[in-house]
Structures are given as C-alpha cells and as structure tokens.
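Overview (structure and organization)
Spelled out, the chains give:
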Amino acid sequence: MSTLTLSEAAELKKTVKSRFNTEVHFHYCCGGQSFSLNEADACAAEFIKNYLSEKGLCAVFSDNGLHFTVTEEYTNA
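Residues numbered from 1 in each chain as written. Predicted model: local features only at pLDDT ≥ 70, side-chain atom pairs only at ≥ 80, totals over all residues. Heavy atoms only, no water.

1. Regarding the overall build of the protein
- When you go through the protein residue by residue, the secondary structure sums to two helices and four strands.
- Moving toward the C terminus, one meets the helices and strands of the protein in the order α-β-β-α-β-β.
- Relative to the 2.2 N^0.38 estimate, which gives 11 Å for 77 residues, the radius of gyration of the protein is 12 Å and therefore close to what a compact globule would have.
- Principal-axis analysis of the C-alpha atoms gives the protein an extent of 35 × 30 × 25 Å.
- Relative to its 77 residues, the protein shows a buried fraction of 32%. (Helix = DSSP H or I, 4+ residues; strand = E, 2+ residues; numbered from the N terminus. Rg over C-alpha atoms; globule rule 2.2 N^0.38 Å. Buried < 20%, exposed > 50% of the residue type's maximum accessible area, 1.4 Å probe, protein only.)

2. What to know about the side chain of Gln-33
- Structurally, Gln-33 is set in strand S2 (residues 32-37).
- According to the relative accessible area criterion, Gln-33 is buried, its value standing at 5%.
- Within the structure, the side chain of Gln-33 is placed 2.6 Å from the backbone nitrogen of Leu-4, a separation counted as a polar contact. (Polar contact = N/O pair within 3.5 Å; in protein donor to acceptor, adjacent residues only side chain to side chain.)

3. Here's the deal with the pattern of salt bridges
- Scanning the model with the defined rule gives one salt bridge in all.
- Measuring nitrogen to oxygen at the nearest pair gives 3.0 Å for the salt bridge that ties Glu-23 to Lys-17.
- For Glu-23, a relative accessible area of 28% gives the class partly exposed.
- By relative accessible area, Lys-17 is classed as partly exposed at 34%. (Salt bridge = Lys/Arg side-chain N within 4 Å of Asp/Glu carboxyl O.)

Structure follows, in structure tokens:
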C-alpha cells in the first residue's frame, strides 16, 4: 500500500468536493491510510482513479464503492 502526504490528501478532498460535491474522508491509523465516501458515486470514483493514476498511484475501491486505498501503480514490462 502507498500513502499520500497530508497535503496530497487535502488536495484530493478539495478537488473531489468542488467537482462532485462529495466528501472524501481520510482515515489514518498505525501507519496505514484509507479513504471513504459518504455515498457511492461512479463518476467520482473514476475521477479519483484517474487523478491518482496521473501521480503513478492506483485507487483500489471496495465492492460497494464506499472505501478505497491507494497503492503504487505498476505496469507489466
């Protein structure tokens, strides 16, 4: 699992809020972090995936679309 800095997490929260009026909640505990949304939103999830991909990261969403973690993006060479 990869982690975002506090400023990166704040920027993600701000950007998603302004574009989708959806809250991204940042959870940090014991060296790990995760994120959650108030409600599942496929457009916001796709935006988050693309946003993090541009930074070389990958958003991994739960089946219900409410929670996600961030991992390093990899490619098969």
